[in-house]
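Breakdown of the fold
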Amino acid sequence: MCGIVGYTGHRAAAPLIMDGLKRLEYRGYDSAGLAVVVDGRLEIDKAAGKLAVLASRLPTDGHTGTLALGHTRWATHGAPNDVNAHPHTDTDGTIAVVHNGIIENAAALRAWLSERGCRFRSETDTEVLAHLISELYTDSLEAAVAEALRRVEGTYGLGVISTHEPNTLVAARLGSPLLLALGDGENFIASDAAAVVEHTRSVVYLDDGEVAVLTPDNYHIVDLDKTRVEKTVSVVDWDLETIERGGHAHFMIKEILEQPEAITNTMRGRLLEEEGTARLGGIDMTDEQLLEIDRVVLTACGTSWHAALIGEYMLEELARIPAEVEYASEFRYREPLVDSRTLVIGLSQSGETADTLAALREAKKRGARTLGIVNSVGSTIAREVDGGTYIHAGPEIGVASTKAFTCQVVALALLTLRLGRLRAMSVLQGRKMVKALRRLPQQVRQVLGHSKEIEKLADTYALAQNALFLGRGYNFPVALEGALKLKEISYIHAEGYPAAEMKHGPIALIDEMMPVICVAPSDAVYQKIVSNVQEVKARHARIFAVVTEGEEEITSLADQTVTIPKTIDCLTPVLSVIPLQLLAYHVAVRRGCDVDQPRNLAKSVTVE
Ligand code: AGP
């Protein structure tokens, strides 16, 4: 999950590349590098660590060249250090490449190239590409790249420049996202639009097997058999301001506070109050086709998988349709039983997660109908599924997903309304759900009002070594999500559990040192979780509980509580998760962690 930026034009390329990499740093941030063609030579700068380290090493007078490539890395092959950082070059320093993905036959290619005298400097799989292209280069970089890629197995988002052609930038894609951004007398390549939106909003999304050749005034795309491919130019529907921190200390807190607007955008134009249902034009299925569906499989990774779990509960309880949730990384290799009456829904914020993409491709191959619930417009999953729903949460930069989660849950509620009203839900039930959805943004604002209280709580939790999150029903997935948030940004070991499961083992962990966070709104299983809270209280646990306004029993048992407004059971996760997002955020800040770019993580996982 690296970030790639490339430029060919009339302006000094280096500063443009560095600005672009800054906007992609959330994709990978363990090392970075830059290659610029200057007077027929390649000038390369690379550095382990954050982009700022590289910036501090660049020549003060800057590079003058107008053709360049940049890369910010999330290491897969070869430790994050100066030598393994990209760009990589061939033995003579005439070809430079940056790569996002994995070259699976790198070892064989390395052996073949070494026999031909190529000298390797790094431990990476990527370096073989520079040597291979150089070996195959005669008089056309485009041809050499295409020929090299015919010999490569694996995945790539690739950028290539050469001293032989000082205006030509070549890009290629197989499995990892890459787009072209078209300017006036200049053109860019980038892993996503955030890197280039300040220069142009006209983009072309590359598809698998395509090679693009860009010069300052032109570009064309071919497939690996050199057949020309015509593509549509899309316009990015958001601007630079949306990807700025806007005065907030971190993107994560900015995105947590954006949830009322984000949820409103997810519902915009989709609620039909009178009919008590939802309009989801993008799913592109008629009522008849939806009624033919006899089973729903939801597949995803990480936070999106937690949202999928809530979708399973909604679809079964309210739409009365059998539903199951699958880890995408397991589903894709498990010979899944799906057919034309199965609806496979892939949830993904980035729309680029390799396992989720592969799971959807597998389902499609086996005849299932596929839907995507996705945030990133124009992403690969969005372009490959049969239909789908954009959640319109706006760009999510913080690696820890927050607003995308609540918007995914709202989108699943809309889908449940659409499917449910065709099956088991009455118009009255539908209207009640529509009303509850309309109240959500204001109710979320109310819960965000507890931020200061939770910030104070963070003091006591910042020293914790472990934490246990408990929930039942719709809020069991919220307990999992709360634990994941705390784990990924504060590095405190945390586990989420169905509260009733405690008795079957984890309760052995409980003592006065173990913080227990109970997600316990007053829903259909409230009375059950009261007894679970009593069980952990009896073992002297320190309890923080999320409860519904006016609740008393758990409030009297817990050490601290935060209240959420009353809503219908299936929507409580949208409110109950917010105190857990805030707790994780404030604890991570207290512990001095890098909240937006936690160690070892990346925003979208584009390799399996
Ligand atoms: C969540 O905070 C993490 N960033 C991670 O678990 C993420 O949810 C997972 O990688 C799935 O990403 P996606 O929604 O972009 O597919």
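As a starting point, this report considers the structure included with it. From a predicted model like this one, the values you see are computed outputs, not experimental measurements. (Residues numbered from 1 in each chain as written. Predicted model: local features only at pLDDT ≥ 70, side-chain atom pairs only at ≥ 80, totals over all residues. Heavy atoms only, no water.)

In spatial order, the strands read β3-β2-β4-β1-β10-β9-β11-β14; together these eight strands make up an open sheet with antiparallel pairing. This sheet does not close on itself; its edge strands, each paired only once, are β3 (41-48) and β14 (234-235). In this structure, strand β2 (residues 31-38) lies alongside strand β4 (residues 67-73), joined through six bridges in antiparallel fashion. Directly across from S31, in β4, lies its bridge partner R73. Along the sheet, helix α1 (residues 13-24) contacts β1 (3-8), β2, β4 and β10 (187-190); its crossing angle with β1, the most-contacted strand, is approximately 155 degrees. (Pairing = 2+ DSSP bridges. Helix = DSSP H or I, 4+ residues; strand = E, 2+ residues; numbered from the N terminus. Contact = heavy atoms within 4.5 Å. Axes fitted to C-alpha atoms, helices over the stretch in contact; angles between N-to-C directions.)

So, on to the environment of G159. Within the secondary structure, G159 is located in strand β7 (residues 156-162). Classification of G159 as buried rests on a relative accessible area of 0%. Note: C-alpha distance between G159 and S451 (292 residues apart in sequence) is 44 Å. When near neighbours in sequence (up to four residues on either side) are disregarded, G159 contacts L69, A96, V97, V98, V170 and I189. (Buried < 20%, exposed > 50% of the residue type's maximum accessible area, 1.4 Å probe, protein only.)

Now for the site of the ligand. By nearness alone, 14 residues border the ligand, and S304, S348, Q349, T353 and E488 come closest of all. S304 is positioned with one of its side-chain polar atoms (N or O) 2.6 Å from an oxygen atom of the ligand. Side-chain polar atom of K485 to an oxygen atom of the ligand: 3.1 Å apart, as the coordinates give it. For the ligand, the accessible surface in isolation is 410 Å², of which the surrounding protein chains cover 91%. (Near = heavy atom within 4 Å. Polar contact = N/O pair within 3.5 Å; in protein donor to acceptor, adjacent residues only side chain to side chain. Areas by Shrake-Rupley, 256 points an atom, 1.4 Å probe, with all protein chains shown as cover.)

Let's shift gears to the packing of helix α13 (residues 403-422) against helix α19 (residues 572-590). The interhelical angle for the contact between α13 and α19, taken along N-to-C directions, is 170 degrees, at an axis separation of 10 Å. With respect to α19, the axis of α13 lies roughly antiparallel. On α19, the residues touching F405, T406, V409 and V410 of α13 are V574, V577 and Q581. Grouping the constituent residues of the contact of α13 with α19 by class yields five nonpolar, two polar and no charged. (Parallel < 35°, antiparallel > 145°, perpendicular 65-115°, else oblique. Nonpolar A, V, L, I, M, F, W, Y, C, P; charged D, E, K, R; others polar.)

With antiparallel pairing, six strands are arranged side by side in an open sheet as β5-β6-β7-β8-β12-β13. Where the open sheet ends on each side, the last strands, each with one partner, are β5 (88-89) and β13 (218-223). Packing against the sheet, helix α4 (residues 127-136) makes contact with β5, β6 (95-100) and β7, and its axis sits at approximately 140 degrees to β6. Relative to β7, helix α5 (residues 141-150) is tilted by about 145 degrees, and along the sheet it contacts β6, β7, β8 (169-174), β12 (210-215) and β13.

It is worth stressing that arrangement in space is one thing and function is another; only the former is reported here.
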